[in-house]
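Secondary and tertiary structure notes
As a plain string of letters, each chain reads:
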Amino acid sequence: MGTENPGRPNFPMRPSFTPFASAPPTVRPFSPSGPGTGSESSNFRPIPPGAPPTMTPFSAAGPSPPVRFSDPSVPSAPIASVPPSGAPYQRFPTPPFPSAAQAPPNRAPPMGQPPFQPPAGQISVPPPFFRPQTQVLPVPMGSPPQNANFPPSSMNVPQPPTDSSLSGPRPNFQPPFPGYPSKQPAVSQAPSPFPAQQGSFMPPPASPSPFPSQQGSYGPPPVSATLGYQSRDQMQHPGSAPPTGGVQRLTEDFSSLSVQSIPGTNDPGLDNRSLPRPLDGDVVPSSFLEMYPMNCDPRYLRLTTAAIPNSQSLVARWHLPLGAVVCPLAEAPEGEEVPVINFASTGIIRCRRCRTYVNPYVTFTDAGRKWRCNICSLLNDVPGEYFANLDATGRRIDLDQRPELIKGSVEFVAPTEYMVRPPMPPLYFFLIDVSISAVRSGMIEVVAETIRSCLDELPGFPRTQIGFITYDSTVHFYNMKSSLTQPQMMVVSDLDDIFVPLPDDLLVNFSESRNVVETFLDSLPSMFQDNVNVESAFGPALKAAFMVMSQLGGKLLIFQNSLPSLGVGRLKLRGDDLRVYGTDEEHILRLPEDPFYKQMAADLTKYQIGVNIYAFSDKYTDIASLGTLAKYTGGQVYYYPSFRSGIHGDKLRHELARDLTRETAWEAVMRIRCGKGIRFTSYHGNFMLRSTDLLALPTVDCDKAYAMQLSLEETLLTTQTVYFQVALLYTASCGERRIRVYTAAAPVVTDLGEMYRQADTGAIFSLFSRLAIEKTLTGKLEDARNSLQLMLVKALREYRNLYSVQHRLGARMIYPESLKFLCLYGLALFKSVPLKGGYADVQLDERCAAGFTMMALPVKKLLKLLYPSLIRIDEYLLKPSAQADDFKNIMKRLPLVSENLDSRGLYIYDDGFRFVIWFGRMVSPDIAKNLLGPDFAAELSRVTLTEHDNEMSRRLMKILKKLRESDPSYYQLPYLVRQGEQPREGLLLLVNLIEDQMGGTTGYANWITLIHRQVQQN
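Everything numeric in this text was worked out from a predicted model, so none of it was measured. (Residues numbered from 1 in each chain as written. Predicted model: local features only at pLDDT ≥ 70, side-chain atom pairs only at ≥ 80, totals over all residues. Heavy atoms only, no water.)

Overview of the packing of helix α14 (residues 781-803) against helix α23 (residues 1004-1016)
It is at 9 Å that the axes of α14 and α23 come closest, and there the two elements cross at 60°. Taken together, the axis directions place α14 and α23 in an arrangement best described as oblique. For the element pair α14 and α23, the recorded crossing hand is right-handed. On α23, the residues that touch Q789, L792, V793, L796, R797 and R800 of α14 are W1007, L1010, I1011, H1012, Q1014, V1015 and Q1016. For the contact of α14 with α23, the class distribution of residues is 7 nonpolar, 4 polar and 2 charged. (Axes fitted to C-alpha atoms, helices over the stretch in contact; angles between N-to-C directions. Helix = DSSP H or I, 4+ residues; strand = E, 2+ residues; numbered from the N terminus. Parallel < 35°, antiparallel > 145°, perpendicular 65-115°, else oblique. Left-handed = near helix turned anticlockwise from the far one by under 90°. Contact = heavy atoms within 4.5 Å. Nonpolar A, V, L, I, M, F, W, Y, C, P; charged D, E, K, R; others polar.)

Below is the structure:
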């Protein structure tokens, strides 16, 4: 099932070197004509004519190995008698491997056989079973032969290539995927007649068992998998092969920590400095991209493991979430934008059965007249306008002009058949609370100023539509018809039967009514400055906004400053009864109180209206109910507790401006397709599920991500590669209907160890956090934390079991290098706002707002929130002349532990949502004076950080600006704290140093010890 086209030669891989070419008594020449496993008999992806047939280590002419299914078209499962090609640790019942110290990295050729010299200029030699003319020694079924006949020295046995760039040992690098030949000497099928000497390799016997490998063993897939899916350029350039593993020896390919408590103490005996920490932030695994260079960029799609299990039993032993995280409109760096393709008259090329879009992994056959779908294997006709001839290597001659055939990320302009109605214009509707609390906080003034400053940058000019409603105990509508010189205000006080006066003039084209809109925004703060109304008719105002917007859809921005108190959707104070906490009724406080909100969310989604909630209050506002509107309409919740414009105004300005000006996809739906035998079963994030796999997203932007869980539909996957394709159909602000398509391939593996090696911690915790937050909505916080801890323990225990027989693990805690931060992020999730503690630890509104926010965060942003940055800046500020290199040096992150806080230092804590600037008790007086001005000795809770006229202050502001620019999705407001100022220091910083043991919570070292003890228990 290769991606190669007809006539294209197979890509020569690095050889699997064979020092002993043993043979059964009868040597038969290789015959490519027999029906071997993994050959053209498979009905999934036939090998195109002209390409060398794909062979297995069994002779195609000899007896074929027993198959588990009666269907001859299904390739047989890998069996234990196939020589190991990638997994370093097998469990064979007979002679064990020698110790690691004895295994030599390179082998001399057998005695009496001259070394094979490849022709000059040849880079790599294909393995024997890649070349049809090579003499391959068949392995008869039944018991292994008692004597081995060595081939004469003239036999064509591949030797190590002479190119030093290929043969250099890489001792600690594991082969990235099973099925790729490594530099491990291939084990001959028949046992050697010679006794094992020091440094020699005892091969396993060839028992042709039809049963799958034992736990921890690895039977490689048929050799067709070794080609993987390389780019067409790689097919032509052997030197650009995917990386192969270094010399495979029985060494430890896991990382470990020695966990041995000191007798008579509670000290875990761990060296804090040796604990793994993600001080480089989110690091995307690179081996997956190297393996499949035509995959979409991981910023759009990340799998929790890049090695898909081939069986349900393997899935059951994985224990971590299996799935993907999709960020469909992630911002691409300049120069890496997604190409836009307009097929015009041709129409978009899609599979007629499964509706997959054409992508780099489809194959063209029949001289370019047909193409085979990589997901369902159906052969489709190529439309005449899309036809192109194939060259001698099987490539389409127009390949370089077809981005959709060489890039995993593309965008198609959709024709009219993808539209139910004409594309909607960008539409912004503002629903603003003008009760007394909103007026006093200064929120109305900041909102009006910000909207006015962003009018020129609203996307979609000149089609953009805009409208406003304000409310207190009544609902106020505004006629902004372009013929007016100033807006007309209409007040509706009948809250039980709300209606819309002048429905045609409440939503206007901004370019036509600009003067009226600007006049309204200029006068809005003063219109209500004397308002003393304390009521909030939020429900009726929401219904009114829905009536106005339902014709077109759009984005509804709600600015709510108090608890809804009048009309439909009114809410009451909850959460004051402490007896509820810790009981089975606790989770009800985190759910919407009134079904009105969920019903309204469903109606809003149906009419393509997305909701963003801006909540401001120093009292309870029931974010659990209000946030439901954002959750089911693809929106988000911005929470500003105790908002004061003088303190928090900048944060609101920046975040509202980004919300209004960032590129937005309108009236969108998203679906993710995957290959036969697997499917996505659950989806997690802010959206409404329209059918079993169709996500309704009225608005989407670059700051939203969605997670989904994967399951196997079949007991055993029979393919070597699975494909995923994400399709987002949306209306762009320019008025075009478009389809954003991301395609990725991933290998299918039989080895649990390989799944662990290819794991992606960031994607795993994106899924973990969403699952844990959802669990808090159905049970106690403690239950959510316990289920998370149990999954971590089970996963690490299963991994330990893979190596517990071959290695003396003792008191060591072992983990794969790819998951070295698993325990730390688990602890960070435990201590995160949605999950930590109980009633006394976090206010109910704050907990719910954090939950809604984390459900939508992309991977990078989420990991920074879980494990924030801590950097020291006083030395940089004191330097006479700062260099660019100095700036890079100060950006080095420190572990989140209080012993890193020097009382003579100045530190910035940054979690992506706020800065905490910590002044040590003995920090240089010059620093305090220069940064704080005359307030340097005052209590810092009363001091606002502003830029002063000196170099040190300018440098600090430059640092904060750089940190904000690195991720502009939220604005970090600086909070100042001095060492020893309690409770402020504890609340703002000390409680967030997650590696410390504080307030009854576990520290990092103790957490490792606790997890390790549970892993060791059966």
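Quick notes on the side chain of S536
Here S536 shows up in the loop between α7 (514-527) and α8 (538-549). Looking at S536, the relative accessible area reads 0%, which means it is buried. Here S536 is in contact with D433, Y471, D472, Q560, S562, L563, P564, S565 and L566, once residues within four sequence places are set aside. (Buried < 20%, exposed > 50% of the residue type's maximum accessible area, 1.4 Å probe, protein only.)

Considering the sheet that holds strand β2 (residues 301-303)
Across a sheet, strands are paired by hydrogen bonds formed along the backbone, either parallel or antiparallel in direction. Taken in spatial order, the 4 strands line up as β2-β4-β22-β19 in an open sheet, and their pairing is antiparallel. In this open sheet, the two edge strands, each paired with only one partner strand, are β2 and β19 (678-684). Across the sheet, the mean angle separating the axes of adjacent strands is 25° when strand polarity is ignored. Sheet topology places strand β4 (residues 323-326) next to strand β22 (residues 706-712); 4 bridges connect them, and they run antiparallel. (Pairing = 2+ DSSP bridges.)

Here we look at the sheet that holds strand β26 (residues 869-872)
Strand order in the open sheet formed by 4 strands is β26-β27-β28-β29, and the pairing between neighbours is mixed. Taken across any chain shown, the strands that pair with only one partner, and hence form the sheet edges, are β26 and β29 (973-978). Here the average twist between neighbouring strands, direction ignored, is 20°. Pairing of β26 with strand β27 (residues 906-910) involves 4 bridges; the strand directions are antiparallel.

Quick look at the packing of aromatic side chains
This model, assessed by the stated rule, comprises 32 aromatic pairs. For the pair Y357 and F412, a centre-to-centre distance of 6.0 Å together with 25° between the ring planes defines the contact as stacked. Taken together, the residues Y357 in the loop between β5 (340-341) and β6 (363-365) and F412 in strand β9 (residues 409-413) connect sequence positions 55 residues apart. Accessibility assignment for this pair places Y357 and F412 in one class, buried. (Phe/Tyr/Trp six-rings, centres within 6.5 Å; stacked < 30°, edge-to-face > 60°.)

Some points on the environment of H319
Topologically, H319 is positioned in the loop between α4 (312-318) and β4. C-alpha of H319 to C-alpha of L792: the two residues are 473 residues apart in sequence and 7.8 Å apart in space. Once you skip the residues sitting within four places of it in the chain, H319 turns out to touch M791, K794, A795 and E798. A distance of 3.3 Å separates polar atoms of two side chains, one belonging to H319 and the other to E798. (Polar contact = N/O pair within 3.5 Å; in protein donor to acceptor, adjacent residues only side chain to side chain.)

Focus on a negative patch on the surface
Together, D584, E585, E782 and D783 make up a negatively charged patch on the protein surface. As for its position among the elements, E585 is in the loop between β15 (554-560) and α9 (595-606). (Patch = residues over 30% accessible without salt bridge, like charges linked within 9 Å, V, L, I, M, F, W, Y side chains within 5 Å. Areas by Shrake-Rupley, 256 points an atom, 1.4 Å probe, with all protein chains shown as cover. Salt bridge = Lys/Arg side-chain N within 4 Å of Asp/Glu carboxyl O. Lys, Arg positive; Asp, Glu negative; His and termini not counted. Charge placed at Lys NZ, Arg CZ, Asp CG, Glu CD.)

As for the packing of α14 against helix α15 (residues 822-830)
Running from amino to carboxyl end, α14 crosses α15 at an angle of 175°, the nearest separation of the two axes being 10 Å. Of the possible angle classes, the one that applies to α14 and α15 is roughly antiparallel. Residue-level contacts link R785, L788, Q789, L792 and L796 of α14 to L822, C823, G826, L829 and F830 of α15. Residues belonging to the contact of α14 with α15 are distributed by class as follows: 7 nonpolar, 2 polar and 1 charged.

Structural notes on the pairing of β9
In terms of burial, β9 is largely enclosed, as 5 of its 5 residues are buried. Side-chain alternation along β9 places S409, E411 and V413 on one buried face and V410 and F412 on a second face that is also buried. By the bridge criterion, 2 bridges tie β5 to β9 in an arrangement that is parallel. Paired with V340 across the bridge in β9 is E411.

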